[in-house]
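# Breakdown of the fold
So the chains spell out like this:
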Amino acid sequence: MVVAEPLPNISATAGLYSQIAGVLAGFAFTALLLYLNRTPDTPEQVEEVDPPQADEATRVHRQVTVVLFNTLGALIICAVQYGVLAGGSPDSGNSFSGTMLNGPAFSLAILGMFYATALAAAPFGHLAPMLASARILVGAIGPVIAMLLIASAALDIYINGCLARAATSQGTTTVCRTDTEVALDRPYGFGLALTALMILIGVVALTVFRKPTRPAPLWIPKVMAHLIIGAAAITTFGTVFLGTRPVSYLLPDPALVAVLISAFAILTSFAVMAARSCHHFQDAQPAGAHRDGATPPPVQRPIPRTPA
């Protein structure tokens, strides 16, 4: 039997998350400004000689900027929401519930920063080892860690509720057992099962998309950017809802299961799309090749004149 121990100050934890989100938002803002200063096209001479190369540079520039911008917005939203939770009492039930609700959005925002970095490195063949590491991090390790933390937040809510009931009981000794929570019919056990399933899906996606034969569809970075900002926007409604509840309010089991399923769906989708799109584009299609697979005729490159 595993007996639950009193939990730490959840408001302090929320305040720490708020600070981390704010610092990461500053990094994302700086990276976005620096990347916007880069021209999306290649130099004029290269553009005249090899138009497909210029088109590729424009496409990568567009994808990186949209992911960075949405990641910046999500991090700012998370920083504000965690700041609101940090203003509650140390053992506030609202803070426990809000920390779990904000978990998927905060995790996606962090993963978005790594994904944007991988997209920016995609045009460079010598950065292929970095892209391989980014696929593993964003396609498997990161989402799995996030899912474990979200499931642990469900366990924290159970422990907090059990300890609150034990404190209010009169003449009754209540033992809060955590070993029973690993059952599949409990939110924490259900979250662990979803985590195991996510590991399986991530490994399969990384294996299937290890060496794609075609470039990733152009809509994948846009969809991932919308997932990042959409998750942060939806959690805002949860924060507003918690503000209308008593301070001791804890999410019921059906709500915990719904949050776990939603987190699993968005994190798994993000992981699979990252595994598909984090590749050097020349691995899938040679530079200058036509969309129909035909090779264009060679282009005579201008020879620079040397001064007499």
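Bear in mind the structure is a predicted one, so any value in this text is a computation, not a measurement. (Residues numbered from 1 in each chain as written. Predicted model: local features only at pLDDT ≥ 70, side-chain atom pairs only at ≥ 80, totals over all residues. Heavy atoms only, no water.)

### As for the overall build of the protein
Scanning the protein from terminus to terminus reveals 9 helices and 0 strands. The helix and strand sequence of the protein, counted from the amino end, reads α-α-α-α-α-α-α-α-α. Per-residue burial for the protein yields a buried fraction of 43% across its 308 residues. A separation threshold of at least 6 residues defines the contact pool for the protein, and within that pool the share at least 24 residues apart is 83%. Split by element, the accessible area of the protein, about 16200 Å² in all, is 66% carbon and sulfur. (Helix = DSSP H or I, 4+ residues; strand = E, 2+ residues; numbered from the N terminus. Buried < 20%, exposed > 50% of the residue type's maximum accessible area, 1.4 Å probe, protein only. Contact = heavy atoms within 4.5 Å. Areas by Shrake-Rupley, 256 points an atom, 1.4 Å probe, with all protein chains shown as cover.)

### A word on the pattern of salt bridges
A full pass over the atoms with the stated rule returns 1 salt bridge. Of the charged contacts, one joins R186 and D253 as a salt bridge, the two residues approaching to 2.9 Å between their closest N and O atoms. Of this pair, R186 sits in the loop between α5 (128-168) and α6 (187-208) while D253 sits in helix α8 (residues 253-277), and the two are 67 residues apart along the sequence. On the basis of relative accessible area, R186 is assigned to the partly exposed category, the value being 23%. (Salt bridge = Lys/Arg side-chain N within 4 Å of Asp/Glu carboxyl O.)

### Digging into the packing of α5 against α8
Running from N to C, α5 and α8 point in directions that differ by 175 degrees, and their axes come no closer than 8 Å. Taken together, the axis directions place α5 and α8 in an arrangement best described as roughly antiparallel. The residues of α8 that touch α5, namely those facing R135, V138, G139, P143, A146, M147, I150, A151, A154 and I157, are L256, L260, A263, F264, L267, F270, A271, A274 and A275. When its residues are assigned to classes, the contact of α5 with α8 shows 17 nonpolar, 1 polar and 1 charged. (Axes fitted to C-alpha atoms, helices over the stretch in contact; angles between N-to-C directions. Parallel < 35°, antiparallel > 145°, perpendicular 65-115°, else oblique. Nonpolar A, V, L, I, M, F, W, Y, C, P; charged D, E, K, R; others polar.)

### Structural notes on the confidence of the model for the protein
Scored by pLDDT, the protein comes out at a mean of 81, with 79% of its residues at no less than 70. For the stretch residues 42-50, pLDDT sits under 50, and the model shows 12 contacts to residues farther than four places along the chain or on other chains. (pLDDT = per-residue confidence, 0-100.)

### Overview of the packing of helix α7 (residues 219-243) against α8
Between α7 and α8, whose axes approach to 10 Å, the crossing angle comes to 150 degrees. Here α7 lies roughly antiparallel to α8, going by the angle between them. Note on packing geometry: the crossing formed by α7 with α8 is left-handed. Between α7, through W219, I220, V223, M224, L227, I228 and A231, and α8, the contact on the second element is made entirely by I266, S269, F270, M273, A274, R276 and S277. Considering only residue class, the contact of α7 with α8 consists of 11 nonpolar, 2 polar and 1 charged. (Left-handed = near helix turned anticlockwise from the far one by under 90°.)

### Some details on the packing of aromatic side chains
Inspection of every chain in the model, using the stated rule, returns 5 aromatic pairs. Ring centres 5.5 Å apart and planes at 70 degrees place the aromatic pair Y82 and F106 in the edge-to-face group. Of the two residues, Y82 sits in helix α3 (residues 51-86) while F106 sits in helix α4 (residues 93-121), which places them 24 residues apart along the sequence. The pair Y82 / F106 is uniform in exposure class, with both members buried. Three or more aromatic residues joined by ring pairs make a cluster, and in this case those are Y17, Y82 and F106. (Phe/Tyr/Trp six-rings, centres within 6.5 Å; stacked < 30°, edge-to-face > 60°.)

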